[in-house]
Amino acid sequence: MRPPMSPQLPGTVRSFAQRFSSTALGARLARHLAVHQLHAWGFPHGSGASDTAALIVAELAANAVTHGRVPGRDFELRLTRLPGTLRIEVSDTRSERRPPRPGELGAPSAVADGGRGLLLVESLADRWAVLDRVPVGKTVRAELDLPR
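Residues numbered from 1 in each chain as written. Predicted model: local features only at pLDDT ≥ 70, side-chain atom pairs only at ≥ 80, totals over all residues. Heavy atoms only, no water.

## Focus on the packing of helix α1 (residues 24-40) against helix α2 (residues 48-67)
At their nearest, the axes of α1 and α2 sit 9 Å apart, and the two run at 155° to each other. Between α1 and α2, the angle is such that the two are roughly antiparallel. In this structure, α1 meets α2 at a crossing whose hand is right-handed. In this structure, α1 contributes Ala24, Ala27, Ala30, Arg31, Ala34, Val35 and Leu38 to the contact, and α2 contributes Ser50, Ala53, Ala54, Val57, Ala58, Ala61, Ala62 and Val65. Split by residue class, the contact of α1 with α2 holds 13 nonpolar, 1 polar and 1 charged. (Axes fitted to C-alpha atoms, helices over the stretch in contact; angles between N-to-C directions. Helix = DSSP H or I, 4+ residues; strand = E, 2+ residues; numbered from the N terminus. Parallel < 35°, antiparallel > 145°, perpendicular 65-115°, else oblique. Left-handed = near helix turned anticlockwise from the far one by under 90°. Contact = heavy atoms within 4.5 Å. Nonpolar A, V, L, I, M, F, W, Y, C, P; charged D, E, K, R; others polar.)

Quick look at the structure:
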């Protein structure tokens, strides 16, 4: 018989990481699993934090699949719940194709099919950045301040 698990204290760090195929299906699965994980952490489906995180994951995963794809390489989603903050990171292995930094995004043409995803991330996230990934690639990180 095992002793009962002690509950995780609210101030501790919780983390979820998963690799996905660099396909549209992989991007969709990343969003679904992110929402499921957030629900397990106490942010129910349909809540503001869950919906905002789902949109950010969807945009970053779509960008990784569209602009960061290297044949045969996956992209990675990492969610980290820190005290008061949810950190969302999407990493791919394409170093040479880096998006503009925060504050450097230009408005897309009115008739352009794309170019709005990072504008959405910039408007929804409290902070975001583009980081180098070791040994190769890049990580786009977005952070949401969570309600206390």
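Structure's up, so let's keep going.
## Details of the pairing of strand β5 (residues 138-145)
Note on strand geometry: in a regular strand, side chains alternate between the two faces of the sheet. Most of β5 sits inside the fold, with 6 of its 8 residues counted as buried. Of the pairings in the sheet, the one linking strand β3 (residues 85-92) to β5 comprises 8 bridges and is antiparallel in character. Following the sheet pairing, glutamate 89 is matched in β5 by arginine 141. Across 6 bridges, the pairing between strand β4 (residues 127-132) and β5 is antiparallel. Residue pairing across strands places valine 130 opposite valine 140, the latter belonging to β5. (Buried < 20%, exposed > 50% of the residue type's maximum accessible area, 1.4 Å probe, protein only. Pairing = 2+ DSSP bridges.)

## As for unusual backbone geometry
Cis rather than trans, the peptide bond between valine 134 and proline 135 has omega equal to 10°. Residue position: proline 135 is located in the loop between β4 and β5.

## Remarks on the sheet that holds strand β1 (residues 14-20)
Spatially, the 5 strands line up as an open sheet ordered β1-β2-β3-β5-β4, and their pairing is antiparallel. The sheet is open, and its two edges are formed by β1 and β4, each paired on a single side. Ignoring which end each strand starts from, the neighbouring axes of this sheet average 15° apart.

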